[in-house]
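One-letter residues, chain by chain:
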Amino acid sequence: MINNARFITLEGSEGAGKTTALKTIKKILNIWGVDYICTREPGGEPNAEKIREILLHSEHLHAKTELLLMFAARNEHIENVIKPALNKGVWVVSDRFVDASYAYQGGGRELGYEVVKWMDDFIVGEVQADLTVLMDIEPEIGLQRIKSRGQADRIELEGIDFFHRLTKSYRDKAKLEPSKYAIIDASKSFKAVKLAIVSAFESKKQELM
Ligand code: T5A
């Protein structure tokens, strides 16, 4: 934490409902009277958005290139958006952050935990999330939900084993620091998911405010 501002991240496999969850989080923060910005990864600022294009729409990328580009985009995002906001006392809500690299590149691409941890220490350092909302879902359900959306990006085209590995990595990471996480059963109905998020934020309110 820098000043009193808090850093909240939203994570989960494809189609877990992060975009939908973000709407609920915004409503909660509005009720709490918090000054906040919403951002996303990969992206969130001009250079990082250019890197996002390469990441999601290149025909092929080597796993190590993918990892390096994720962290290159993240460095721009941290230095130009996240740190300045937190330093001004503005909360930051990011749709994905470093846990996605542990899950997708460490787990999915099988680069392993240690290499991502090294990059995390080097690039993210102390700018760690105060709260990570993990939208936990079995990949088959999430992928079914996004099937009708049309053109899939490069990562969405991976096989089911990739998504099983990344789902496990998300869960394993959350076990390392359980108090930092709100794990939401994202397979439930819209209403049940919304209630679970509201309840998780209520129970963390004293700690965060
Ligand atoms: N990536 C990212 C890495 O590999 N490493 C990294 O370090 C980082 C930061 C980003 C990609 O980059 C990868 C991960 C991703 O593959 P993106 O376009 O930003 O790509 O995609 P996602 O973040 O995956 O976002 P999605 O739009 O795919 O998923 P969401 O936001 O989780 O899902 P959402 O809310 O759009 O919902 C999907 C569908 O499900 C329905 C919604 O209406 C929607 O149709 N839905 C529900 N249906 C039934 N019940 C519910 N409870 C529902 N909730 C939502």
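The preceding data block contains the structure.
Criteria and cut-off values
Residues numbered from 1 in each chain as written. Predicted model: local features only at pLDDT ≥ 70, side-chain atom pairs only at ≥ 80, totals over all residues. Heavy atoms only, no water. Patch = residues over 30% accessible without salt bridge, like charges linked within 9 Å, V, L, I, M, F, W, Y side chains within 5 Å. Areas by Shrake-Rupley, 256 points an atom, 1.4 Å probe, with all protein chains shown as cover. Salt bridge = Lys/Arg side-chain N within 4 Å of Asp/Glu carboxyl O. Lys, Arg positive; Asp, Glu negative; His and termini not counted. Charge placed at Lys NZ, Arg CZ, Asp CG, Glu CD. Helix = DSSP H or I, 4+ residues; strand = E, 2+ residues; numbered from the N terminus. Buried < 20%, exposed > 50% of the residue type's maximum accessible area, 1.4 Å probe, protein only. Phe/Tyr/Trp six-rings, centres within 6.5 Å; stacked < 30°, edge-to-face > 60°. Pairing = 2+ DSSP bridges. Axes fitted to C-alpha atoms, helices over the stretch in contact; angles between N-to-C directions. Contact = heavy atoms within 4.5 Å. Near = heavy atom within 4 Å. Polar contact = N/O pair within 3.5 Å; in protein donor to acceptor, adjacent residues only side chain to side chain.

Peer 1: Can you walk me through a positive patch on the surface in this structure?
Peer 2: A cluster of basic residues, Lys23, Lys26, Lys27 and Lys194, forms a positive patch at the surface. By residue number, the principal contributor to the positive patch is helix 1 (residues 18-32), which donates three residues. Residue classification places Lys194 among the partly exposed positions, given a relative accessible area of 39%.

Peer 1: Would you explain the packing of aromatic side chains in this entry?
Peer 2: Considering all chains together, one arrives at eight aromatic pairs under this definition. Note on Tyr102 and Tyr113: the rings are 5.1 Å apart at their centroids and 35° apart in plane angle, and the pair reads as tilted. Here Tyr102, found in helix 4 (residues 98-108), pairs with Tyr113, found in helix 5 (residues 113-124); they are eleven residues apart in sequence, far enough to count as distant. Its relative accessible area of 5% is what places Tyr102 among the buried residues. Exposure remark for Tyr113: the relative accessible area of 37% places this residue in the partly exposed category. Between Trp118 and Phe122, the ring centres sit 5.2 Å apart and the planes meet at 35°, which makes this aromatic pair tilted. In this pair, Trp118 and Phe122 are both assigned in helix 5, four residues apart and thus about one turn of the helix distant. Each member of the pair, Trp118 as well as Phe122, carries the same accessibility label: exposed.

Peer 1: Got a minute to help me understand the pairing of strand 1 (residues 7-12) in this structure?
Peer 2: Within a regular beta strand, the side chains point alternately toward one face of the sheet and then the other, so they alternate between its two faces. Burial of strand 1 is extensive: six of the six residues sit out of reach of the surface. Neither face of strand 1 is left uncovered, since the one carrying Phe7, Thr9 and Glu11 and the one carrying Ile8, Leu10 and Gly12 both have all their residues buried. Note that strand 1 and strand 3 (residues 91-95) share four bridges and pair parallel. Its bridge partner lying in strand 3, Ile8 is registered against Val93. Pairing geometry for strand 1 and strand 4 (residues 131-136), over five bridges, is parallel. Within strand 4, the residue paired with Ile8 across the bridge is Leu131.

Peer 1: How should the sheet that holds strand 1 be read in this particular structure?
Peer 2: Strand pairs in the sheet, formed through backbone hydrogen bonds, run parallel or antiparallel to each other. Read across the sheet, five strands follow the order 2-3-1-4-5 without closing on themselves; strand pairing throughout is parallel. A single partner strand is all that each edge strand has here, and the edge strands are strand 2 (36-40) and strand 5 (181-185). Taking each pair of neighbouring strands and ignoring which way they run, the sheet shows an average axis angle of 15°. Helix 4 contacts strand 1, strand 4 and strand 5 of the sheet and is inclined by roughly 20° relative to strand 1.

Peer 1: I'm lost on the environment of Glu79 in this one. Help?
Peer 2: Turning to its location among the elements, Glu79 is positioned in helix 3 (residues 63-87). Separated by 44 residues in sequence, Glu79 and Ile123 place their C-alpha atoms 9.8 Å apart.

Peer 1: Please clarify how the site of the ligand should be interpreted in this entry.
Peer 2: Taken together, 27 residues are adjacent to the ligand, and Glu14, Lys18, Thr19, Arg96 and Ser101 come closest. Note that an oxygen atom of the ligand is positioned 2.9 Å from one of the side-chain N or O atoms of Arg74. Between Lys188 and the ligand, the recorded distance is 2.9 Å, taken from a backbone N or O atom to a nitrogen atom. In the complex, the protein chains occlude 83% of the 1000 Å² of accessible area that the ligand would expose alone.

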